[in-house]
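# Topology and contacts: notes
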Amino acid sequence: KIIVIICALFALFLSGCDSLNKEFDEIEQNIKSSIPESTQGNISLITKDSTYNATILWSSSNEEILTSEGVNKNASFEIINVTLTYVITISEKQREGEIIVAVEGNRNLIKLNNVEMAILNEVPEETNIHIKLTKEVPVYNAKIKWSSSDEEILTSEGVNKNKTSNPKYV
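Residues numbered from 1 in each chain as written. Predicted model: local features only at pLDDT ≥ 70, side-chain atom pairs only at ≥ 80, totals over all residues. Heavy atoms only, no water.

### With respect to the environment of Glu116
Counting through the fold element by element, Glu116 comes out in helix α2 (residues 107-120). Residue Glu116 is classed as partly exposed on the basis of its relative accessible area, which comes to 45%. Note: C-alpha distance between Glu116 and Ile144 (28 residues apart in sequence) is 9.5 Å. (Helix = DSSP H or I, 4+ residues; strand = E, 2+ residues; numbered from the N terminus. Buried < 20%, exposed > 50% of the residue type's maximum accessible area, 1.4 Å probe, protein only.)

What follows is the structure in structure tokens.
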């Protein structure tokens, strides 16, 4: 009788494990089908599965390129492979897995970098005259708003108000 009881308990334990494995498998399948193999933009990372009351935590092998929140920070023209690691937790049990994503340059960041380079090349490091500050870069459809850390020295319009011969940095 004891052997029968032990076998019955063991069978219940195994069926519970099998059920949990099926839940993990289904969540993993949902995760893998929602993550693209490559991206030029941000990606949405699933953090909860309400069907099985599961949580999913993410980490990235390269936070400077693709964050653990799915934000594409790649400002280059280079395609960089990033490994996203997920940890699924259901009832204090965990399963870990990885997905590799080819992260292409985020066009918005590349555009911003190009705009910044275009306008900063026009701004002198030192001046004793007024400077022309670009208000837009039409090729990138960008509008620029300037600010000054000291409007009494150089205004956000580029007007030099420094009345001394000593350079002032703003």
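### Looking at the environment of Ser147
One can find Ser147 in the segment after β7 (142-143). Sequence separation of Ser147 and Gly158 is eleven residues, and the distance between their C-alpha atoms is 9.4 Å.

### A closer look at the sheet that holds strand β4 (residues 80-90)
Sheets are built from strands that pair by backbone hydrogen bonding, the pairs being arranged parallel or antiparallel. Taken in spatial order, the five strands of this open sheet run β1-β5-β4-β3-β2, and their pairing is mixed. Two strands in the sheet have a free side with no partner beyond their single neighbour: β1 (38-39) and β2 (48-49). In this structure, β1 lies alongside strand β5 (residues 93-103), joined through two bridges in parallel fashion. Of the residues in β5, the one forming a bridge with Thr39 is Val103. (Pairing = 2+ DSSP bridges.)

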